[in-house]
Structure formats: structure tokens, C-alpha cells
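Coordinates in review
This is what each chain is made of:
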Amino acid sequence: MDFSDTVEEAAFRQIARQWIGEQAPAYLYDGLAMSGFGGTKTGELDPLAEAKKWQKKKAAAGWACIQWPVEFGGQGATPMQSVIWNQEEGVYGKLTGTFIIGQGMCAPTMMAYADDEQKKRYLPKLASGEEVWCQLFSEPGSGSDLAGLRTRAEKEGDDWIINGQKIWTSGAHYSDYGILITRTDPDVAKHRGLTMFFLDMKSPGVDIKPIKQANGESGFNEVYFDHVRIPDAQRLGDVGGGWQVSLTTLMNERLAIGGSIATGFPEIKTLVDNLELPSGKAIDDPAVRARLADWYAKSAGLKNTAARAMTALSKGEIPGPENSIGKLVAGGMMQDIAKFALDLQGLGGAIVDPALARDSARLQAMVMRSPAVRIEGGTDQILRNIIAERVLGLPEELRADKGIAFNKIPTGQ
Ligand SMILES: Cc1cc2nc3c(=O)[nH]c(=O)nc-3n(C[C@H](O)[C@H](O)[C@H](O)COP(=O)(O)OP(=O)(O)OC[C@H]3O[C@@H](n4cnc5c(N)ncnc54)[C@H](O)[C@@H]3O)c2cc1C
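Since the structure is predicted, the reported quantities are computational estimates derived from the model, not experimental observations.

By nearness alone, 19 residues border the ligand, and Ser 138, Ser 144, Trp 168, Thr 379 and Gln 381 come closest of all. Gln 135 places a polar main-chain atom, nitrogen or oxygen, 2.8 Å from a nitrogen atom of the ligand. Interatomic distance of 2.8 Å between a side-chain N/O atom of Ser 170 and a nitrogen atom of the ligand. Contact with the protein chains hides 69% of the accessible area of the ligand, taken as 980 Å² for the molecule alone. Within the residue set of the shell around the ligand, elements represented by two or more residues are helix H11 (362-373) and helix H12 (380-391).

Below, the structure written as C-alpha cells:
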């Protein structure tokens, strides 16, 4: 495979590089270089405000969501140009993690199912970061089994009344809008009674409670709905067609997460290049080198798998279930690397204060963050099921509730 730029790609890269060099917030470079595992280091400055500032600047110059159509705030760029942009944006891209759910998952769903007026109203502000969106799917009893969700939507005149609870909603506490999947018909099989909406997160009756995580951050939330009113005009897709709509979101979720997934390899390489062990430099230790070689081989495999997905995209093909492989491999690898990195540092590995710990405690942050990678956007086990059934063609998992009306499924109560 030849990964070098074509003449056009090299010209595009040069323009992007020059603009980023002149416009990016260089005062954030050092902090961002050490960020990425559950927190964006912007010193005394508010990470959300800095993210919005950078995104707004990009949007004003036509560099926000460049692969989107021009009328929605993009520049109709090719998938390859989008990859090149991301490579050139480098550490500054870490600022825009705040927008991944909105731009990578909600926006494609809006593009496919919202009406023309709504697309014109919402998509440009989503691209420019002026409005942030979240994804209200998981519930306490339905994460992997998303179609088992219980949040109800009942029709009242031209509106729908929502009651129920979502959980693990990333960014709900700073989001302006969200896409919400609900149950509208409990009398049919679970996948057939669902309906999707989008809503204003400031609607009366929406109560957002941040969840405190082990790393001290509160990235996600519980979200309660108490008689929340949503106009029927904000329904996405048919009544009862919510599952189909959610597949658009979830397929893009795997792409958005899988396409940009960190592995921890560059971070462990920097550590072992510089760490002195009692026996000498860590990089010279045969046991360290053996682990490193193994992780390097995996990283190279991931890079080539991502390149294959990009080639498929550039030929107009839709990303398929094989895309699940990236997150499955990278999540486990990152967790292994993080644990190994802490062990190598001995007692120093227990220090979590970025001002005192080696490499601003980013490997410690990786230990805290990596288990989440193996859960969000589909757990390891669910990804293995997808690969087994839909890539390898193995027999389907037994699904005892298949075809049974939702309200007839035994719940143990
Ligand atoms: C950092 C983070 C951010 C998130 N952000 C969002 C968000 O913004 N919006 C949102 O809606 N959700 C979000 N989630 C929720 C996420 O989608 C769910 O946590 C995930 O789908 C798993 O669901 P669950 O937690 O209910 O676990 P469960 O589904 O209850 O799974 C528990 C265990 O059982 C295993 N298991 C379940 N079913 C099977 C099966 N059929 N075969 C084999 N094993 C199985 C799982 O693999 C897991 O190990 C986020 C999660 C994390 C960690």
C-alpha cells in the first residue's frame, strides 16, 4: 500500500498546515500535548470555552466539519481530505472532542431524518460549535440491550409527553440539544415500538444530574424526564421507526469513536525512551522491548485497518460492521499499556498530581480512562458478537425475547 499524498492531497495539506500554523491557539499547545485521557488540560482557562473559540474560528474560515456539504457549514471535502485535516490539526483536535457526539453522531442522524428547515437551522450551529448536542440513548436497564429501553413518549395533541430516565449521557450538562430514543408502543416487539426525537435540553421537566467519576471529573450524567413536551415536528423518522433511525446514529458512533481511537502507543514509547530503571534505560530492557514490539505490531494493524475503512469510504461505500475491530483492539491495548506504564514507574506511578508526576500524569489518567473505552459505544463483548455474527457469519446468539411484545417480556418482577 502507498500512503503518500497525491499531488492534490499534498497541496491541500500545505494549505491546511499553513492556516493551522497561523491560527491555532499555540498558547494551549503544551497542555494539549499532555491531554487526552478523560480531560483537556487548558490550565486556568475553561476547556469548553477554548473548544468553542477554536471551533468558531475554524468555522469562520471554512475548516469546521469539512466533509459536510457546504450548505450545512462544511466544504464538501473528500474523506481523504478530512483525514489530512485531522492529521494536521494534531493536538488542537483534542479541543474538539467536546463536539464529537454532536458532529459525529447527531448530525448524520439529523442529515438523514430532519426536514430541510431544521437542517438549515441546526446543522451550521452544530458545525461551528455554537450549539453542543448529546446522545440520550442508554438507560439504567438498557445499554447493550438498547431496544429494551423504557423511557415513554405518549402523544398529546401535536406534542409528545416524555417520562423516564437516561444515564451515562456524555456532555448533557453543557449541551443545548440532544437526540432522544423513546418507547411509543409497548404492545409490539421491542425493536418495533421505538421512536426518535430531538429536543432542547433546557425544556421544562429535563433534570440533569452529573455523575462523579473515579478521576474526579463529571463527563456524563443522569437525565430525568418529567412530563417533558416535545413537538411532533421534532420527531426523527416514523412513529415506531426509531430503531432504524438509531442504527444511523450507532453506525456513525462506531466510525466517530473507531476512527479517532487512541491506543496509548506514542505515550508508552515516550515514557520508555526517557525512563531510567535501576538496570539502565527502560528502552534497552529486553522485556520492555518485547512488549513494545507487540504493541507496535498491533498499532500498525490498526492503522492499516483504519486506512482500509478510509479507502472504502472514499469509494462511496458505507462503513460496515468490520469497523468494530478498531475499538475492540485499541481499548484492550490501551488498558494493558496503562497498567504496564504505571508498574514501570514503581512508586512514582501512584502519583496523580500532574504537577509532580512524570509526563503530567497522563499515563495515570490513561489507567482511569481506558476501562471506559471498553464500554462506551459498545462493550468488548457486544463488539465480539457483532464480529462473530455479521463479519464471520457464525450462528446468532440466542435471543429469548425475540418477537415477543415488549410488555410481555418477563422482567423478574
Ligand atoms: C465514558 C462513557 C460515555 C458514555 N456516553 C454515553 C452517551 O453519551 N449516551 C448514551 O446513551 N450512552 C453513553 N454511554 C453508555 C454506553 O453506551 C453503555 O454503557 C454501554 O452500551 C453498555 O451498557 P451498560 O452500561 O448498560 O452495560 P450492560 O449492557 O448492562 O452490560 C453489562 C455487561 O454484560 C455484558 N453483556 C451485555 N449483553 C451481552 C451479550 N448479549 N453478550 C455478551 N455479553 C453481554 C457487557 O459486555 C458488559 O460486560 C457511555 C458509556 C461510557 C463508559
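And the narrative resumes.
On to unusual backbone geometry, then. For Asp 359, which is not a glycine, the phi torsion comes out positive at approximately 50°. Residue Asp 359 is classed as buried on the basis of its relative accessible area, which comes to 17%. You will see that Ser 360, though not glycine, has its phi angle at about 55°, which is positive. One can find Ser 360 in the loop between helix H10 (324-344) and H11.

The tally for this structure, following the rule as stated, stands at 25 salt bridges. For Glu 156, the salt bridge identified is with Arg 229, shortest N-O distance 2.8 Å. Within this pair, whereas Glu 156 is found in strand S2 (residues 152-156), its partner Arg 229 is found in strand S7 (residues 221-231), the two being separated by 73 residues in sequence. Glu 156 gets classed as partly exposed once you look at its relative accessible area, which sits at 44%. Overlapping salt bridges, with partners in common, bring together Glu 389, Glu 396, Glu 397, Arg 399 and Lys 402 in one network.

In this structure, Trp 68, Met 110, Trp 133 and Leu 236 are the most contacted members of the largest nonpolar core, which totals 28 residues. Those elements giving two or more residues to this core turn out to be helix H5 (100-113), helix H6 (116-127), strand S4 (177-183), strand S5 (194-200) and helix H7 (242-259). Looking at this core, the element that brings in the most residues is H5, giving 5 residues. In contact with Trp 68, not counting residues within four places along its chain, are Gly 74, Gln 75, Gly 76, Gln 103, Ala 107, Met 111, Leu 123, Leu 126 and Ala 127.

Next up on the list: the packing of aromatic side chains. A full pass over the atoms with the stated rule returns 16 aromatic pairs. Between the aromatic rings of Trp 63 and Trp 85, the centroid separation amounts to 4.7 Å while the plane-to-plane angle is 10°, which identifies the pairing as stacked. Placement of Trp 63 in the loop between helix H3 (47-60) and helix H4 (79-89) and of Trp 85 in helix H4 is noted, with a sequence separation of 22 residues between them. Residue Trp 63 is classed as buried on the basis of its relative accessible area, which comes to 8%. Aromatic rings pair up to connect Phe 12, Trp 19, Tyr 29, Trp 54, Trp 63, Trp 85 and Tyr 92 into one cluster. Against the face of Phe 406 rests Arg 183, its NZ or CZ located 3.5 Å from the ring centre. Here the basic side chain of Arg 291 rests over the ring of Phe 340, its NZ or CZ set 4.8 Å away from the ring centre.

Running from amino to carboxyl end, helix H9 (residues 286-314) crosses H10 at an angle of 160°, the nearest separation of the two axes being 11 Å. Taken together, H9 and H10 sit at an angle that is classed as roughly antiparallel. Every pair of crossing elements has a handedness; the one defined by H9 and H10 is left-handed. Two secondary-structure elements touch here, H9 through Val 288, Arg 291, Trp 295, Lys 298, Ser 299 and Leu 302 and H10 through Gly 326, Val 329, Ala 330, Met 333, Asp 336, Ile 337, Phe 340 and Leu 344.

An ideal rise of 1.5 Å per residue puts 20 Å on 14 residues; H3 measures up with 20 Å between its terminal C-alpha atoms. All of the buried residues in H3 are Glu 50, Ala 51, Trp 54, Gln 55 and Lys 58. What you see down the axis of H3 is that its buried residues fit within an arc of 130°, all on one side. Projecting away from the buried face of H3 at angles above 90 degrees are the exposed residues Lys 56 and Ala 60. Its buried side turned inward, H3 meets helix H1 (7-23), H4, H5 and H6. If you check the start of H3, you find a side-chain oxygen 3.2 Å away from the backbone N of Leu 48, and it comes from Asp 46. Positive phi shows up at Gly 62, right after H3, with a value of about 85°.

Parameters and conventions
- Residues numbered from 1 in each chain as written.
- Predicted model: local features only at pLDDT ≥ 70, side-chain atom pairs only at ≥ 80, totals over all residues.
- Heavy atoms only, no water.
- Near = heavy atom within 4 Å.
- Polar contact = N/O pair within 3.5 Å; in protein donor to acceptor, adjacent residues only side chain to side chain.
- Areas by Shrake-Rupley, 256 points an atom, 1.4 Å probe, with all protein chains shown as cover.
- Helix = DSSP H or I, 4+ residues; strand = E, 2+ residues; numbered from the N terminus.
- Buried < 20%, exposed > 50% of the residue type's maximum accessible area, 1.4 Å probe, protein only.
- Salt bridge = Lys/Arg side-chain N within 4 Å of Asp/Glu carboxyl O.
- Core = buried A, V, L, I, M, F, W, Y, C linked by side-chain atoms within 4.5 Å.
- Contact = heavy atoms within 4.5 Å.
- Phe/Tyr/Trp six-rings, centres within 6.5 Å; stacked < 30°, edge-to-face > 60°.
- Lys NZ or Arg CZ within 6 Å of the ring centre and 35° of its normal.
- Axes fitted to C-alpha atoms, helices over the stretch in contact; angles between N-to-C directions.
- Parallel < 35°, antiparallel > 145°, perpendicular 65-115°, else oblique.
- Left-handed = near helix turned anticlockwise from the far one by under 90°.
- Expected span 1.5 Å × (residues − 1).
- Arc of directions from axis to C-beta.

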